[in-house]
Amino acid sequence: MIEFKNVSKIYDTGTEAVHNATFTIDKGEFAFLVGASGSGKSTLIKLILKEEEATKGNIVINGKDITFLKPKRVPFLRRSMGVVFQDFRLLPDKTVYENVAFAMYIVKASPKHIRRQVPMVLSLVGLSNKAKCYPNELSGGEQQRVALARALVNNPSMIIADEPTGNLDPETAWDIMHLLNDINARGTTVVMATHAKDIVDAMKKRVIQIEKGVIVRDDKKGGYNSEI
Amino acid sequence: MKYNGLTYLIGEGFSNIFKNKKSTITSIITMVCMMFLFGLFFAIGVNVNYMLEQVQMKQGMNVFIWDETTEEQKIKLETEIKALNGVNTVVFKNKQEALEDMKSRFKNKQELMAGFEGENNIFPASFVVTLTDLNRLDEIQTEIERIGAKIATENRAEEVDLEIEESTIHDSIIKNITSSDNTIKTLITIVSGIRMAIGVIFIVLLFVSIMIISNTIRLTVHARRKEISIMKYVGATNSFIRWPFIVEGIIIGIIAAIITLLIIGLLYDVVIQNIEASKVLQKMSITLLSFSEIAKTISIVYALLGIGIGILGSAMSMKKYLEV
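Residues numbered from 1 in each chain as written. Chains lettered and ligands numbered in written order. Predicted model: local features only at pLDDT ≥ 70, side-chain atom pairs only at ≥ 80, totals over all residues.

1. A short note on the overall build of chain B
To keep it simple, the criterion reads: Comment: elements are numbered from the N terminus, with helices defined as DSSP H or I runs of at least four residues and strands as E runs of at least two. With C-beta atoms placed from the backbone, a residue is buried if 20 or more other C-beta atoms are within 10 Å of its own, exposed if 12 or fewer are, and partly exposed between those counts. Two residues qualify as a contact pair if the distance between their C-beta atoms, derived from the backbone, is within 7 Å.
Looking only at helices and strands, chain B features 11 helices and 4 strands. Within chain B, the proportion of its 324 residues that are buried is 26%. Residue pairs in contact within chain B that sit at least 24 positions apart in sequence constitute 87% of those at least 6 positions apart.

This is the structure in structure tokens:
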């Protein structure tokens, strides 16, 4: 599903954000990427999204080596994954419905399909009654659920979440985690970069810890801190 | 509502215009200003050109012919000159008219002119030739000289037979050709100078318009960089992102073009009539173009400008933001 083979990333400034990372995340897995700020978590996410190019090594996504993927093909790679960010990134001048439908227009889905699929994912995230609201009329948790609905609407094989609970209060954060867990239970791979210790500890999922660009720990069912 | 790819993109372009009223209005105003300036120079350009053409048409040369020239020869000369490429009009001025001309020039010396009446008229008849293209003056003059010589030799044989006095036989039926050479040369210089100046101003204005529109759209794009990056993350292709902006640019361009056309249309005839009423133009009997005469050209120019600047401006300003 996601395979990193000796991947290093050195930015133009000379900083080595990722050093010789090797790991595999299988289909249907739920994996946390943990580490302090500036440890290289975000760079890993960017490498998966092909927002950044690996300096060394190979990255294979869904059986396809994306190391030398042409820029023109990048949009199609991204369509196989749903992305969720800490700051939601919704379009402020579009309604909840339009924000979700928008992701379907992009993949040129048929109008019929859009009309059926959007209400379905909105009900999945529990926002059926907010379809006509604008993002600024929603709470943070609701906005993140819209983002999640948008990420899910094209049935991606994986969800990439970069600190999705970072801007939410603990209770709302758990709503989102339950949703992600449900989504994972349906067979979608989830990769989530996070700082939230309590969440990682409680979920008992795979934990990949990165410090100063080096993967220092990869536990099948770990906590936020190593159990030494 | 039914959507397919194209209607979605065009719909986005339209809705962006309404959602970003402020920047849309700024863009339109800027563009109207540029296009108005453009229109101003366009109007000045075509009219100056038109005026100069009229002045040119009135310039030309006087082809003086020998008194001995026969009617037949005159007709031949006239037809052959008329057939030359670049000749506008050919008017015959007989000896009497030449005398009248002189008389009117020396109005206060009528007693002097009285000696030239009838038999004593020494002023030669002539053809007044005006040209459509003053640049070809020298060429046409040579041509006319050649024709004059040719006609003279054609008839020489007969003339010898008739034993006409030696002194009356000339090498050419043309006595001489005069043209206000200096005036014409100055005029040619002025015409090409003005044309070049207008051309340069046009290019500069075009460049400035594209830069300004591109900058205005760049601001719009910058304000929506977040939206663009979201589109990129969701998997939108560059062309999918670009099209709504281009549609927006085109629509802004067309709206600006229509507004400018209305302004120019309302002002143009009033201004032109005032200029036409001036004494100098009246004296030279020069007319200017009316709006209806330039409307078609200016509309096409504006449509192309509006659409072109819209496309170029948005395409140029998008580039930077598509690299996510």
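So, next bit.
2. Quick word on the sheet that holds strand β1 (residues 60-65) of chain B
All names here are of chain B. Our working definition: Note on pairing: two strands pair once DSSP finds at least 2 bridges between them. To get an axis, fit a line to the C-alpha atoms, keeping to the stretch in contact for a helix; angles then go from 0 to 180 degrees between the N-to-C directions.
Overall, antiparallel pairing links the 4 strands, which are arranged β2-β3-β1-β4 in an open sheet. Both edges of this open sheet fall to β2 (87-93) and β4 (174-179), since each of them pairs with a single strand only. Strand-to-strand twist across the sheet, computed as the mean angle between neighbouring axes with direction ignored, equals 20°.

3. Focus on the interface of chain B and chain A
The condition that has to hold: Charged residues are taken to be Asp, Glu, Lys and Arg, nonpolar residues to be Ala, Val, Leu, Ile, Met, Phe, Trp, Tyr, Cys and Pro, and polar residues to be all remaining types, Gly included.
Listed per partner, the contact involves 15 residues of chain B and 15 residues of chain A. Grouping the constituent residues of the side of chain B that touches chain A by class yields 9 nonpolar, 3 polar and 3 charged.

4. Description of the packing of helix α3 (residues 96-106) of chain A against helix α4 (residues 111-124) of chain A
Residue and element names in this part refer to chain A. Put simply, the test is: Roughly parallel refers to an angle under 35 degrees, roughly antiparallel to one over 145, roughly perpendicular to one between 65 and 115, and oblique to any angle outside these ranges. Here a crossing is called left-handed whenever its near helix is offset anticlockwise from the far helix by less than a right angle, and right-handed whenever the offset is clockwise.
It is the contact of α3 with α4, at a shortest axis distance of 10 Å, that shows an interaxial angle of 125°. Looking at the two axes, α3 sits oblique to α4. As for how α3 packs across α4, the hand of that crossing is right-handed. Contacts between α3 and α4 involve Y97, V100, A101 and M104 from the first element and I114, Q117, V118, V121 and L122 from the second. A breakdown of the residues in the contact of α3 with α4 according to their chemical character gives 8 nonpolar, 1 polar and no charged.

5. Thoughts on the nonpolar core
How we decide: A set of buried Ala, Val, Leu, Ile, Met, Phe, Trp, Tyr and Cys residues, joined through C-beta atoms within 7 Å, is what we mean by a nonpolar core.
One finds L33, V100, A149, I159, I160 and V191 of chain A to be the most contacted residues of the largest nonpolar core, which totals 75 residues. The element that contributes the greatest number of residues to this core is α3 of chain A, accounting for 8 residues. If you look at the next biggest cluster of nonpolar residues, it comprises 26 residues, including M35, F38, L261 and M318 of chain B.

6. Things to note about the environment of I45 of chain A
All names here are of chain A. Secondary-structure assignment places I45 in helix α1 (residues 41-48). For I45, a count of 21 C-beta atoms within 10 Å gives the class buried. Sequence spacing of I45 and L33 is 12 residues, and the spatial spacing of their C-alpha atoms is 9.1 Å. Setting aside its immediate chain neighbours within four residues, I45 contacts I160, D162 and A193.

7. What about the packing of α3 of chain A against helix α5 (residues 140-152) of chain A?
Residues and elements named next belong to chain A. Across the interface, α3 lies against α5 with an axial gap of 8 Å and an inter-helix angle of 25°. Accordingly, the angle class assigned to the pair α3 and α5 is roughly parallel. Taken as a pair, α3 and α5 cross one another with a handedness that is right-handed. Side by side, α3 and α5 meet where V96, N99, V100 and A103 of the first sit next to V146, A149 and R150 of the second. For the contact of α3 with α5, the per-class residue count stands at 5 nonpolar, 1 polar and 1 charged.

8. Remarks on the environment of T95 of chain A
Residues and elements named next belong to chain A. Structurally, T95 is set in the loop between β6 (81-85) and α3. For T95 and E137, which are 42 residues apart along the polypeptide, the C-alpha to C-alpha distance reads 9.8 Å. In this view, T95 contacts A131, K132, C133 and Y134; residues no more than four positions away in its chain are not counted.

9. Let's talk about the sheet that holds strand β2 (residues 16-25) of chain A
Residues and elements named next belong to chain A. Strand order in the open sheet formed by 4 strands is β2-β1-β4-β5, and the pairing between neighbours is antiparallel. On the outer flanks of this sheet lie β2 and β5 (64-65), each paired with one strand and no other. Examined bridge by bridge, strand β4 (residues 56-61) and β5 share 2 bridges and lie antiparallel to one another. Bridged to V60 within β5 is D65. Contacting β1 (2-10), β2 and β4, α1 crosses the sheet at an angle of about 120° to β1.

10. Examining helix α8 (residues 225-234) of chain B
Counted residue by residue, α8 of chain B has 7 buried out of 10 residues, so it is predominantly covered. What α8 of chain B keeps buried is the set E227, I228, I230, M231, K232, Y233 and V234 of chain B. Against α2 (74-78), β6 and α3 of chain A together with α9 (238-276) of chain B lie the buried residues of α8 of chain B. Two residues or fewer after α8 of chain B comes G235 of chain B, characterised by a positive phi angle close to 105°.

11. Some details on the pairing of strand β7 (residues 158-162) of chain A
All names here are of chain A. In terms of residue burial, β7 counts as a mostly covered element, since 5 of its 5 residues are buried. Burial along β7 is two-sided: M158, I160 and D162 facing one way and I159 and A161 facing the other are all buried. The sheet contact formed by β7 and strand β8 (residues 189-194) spans 5 bridges and is parallel. When the sheet's bridge partners are listed, I159 is paired in β8 with V190.

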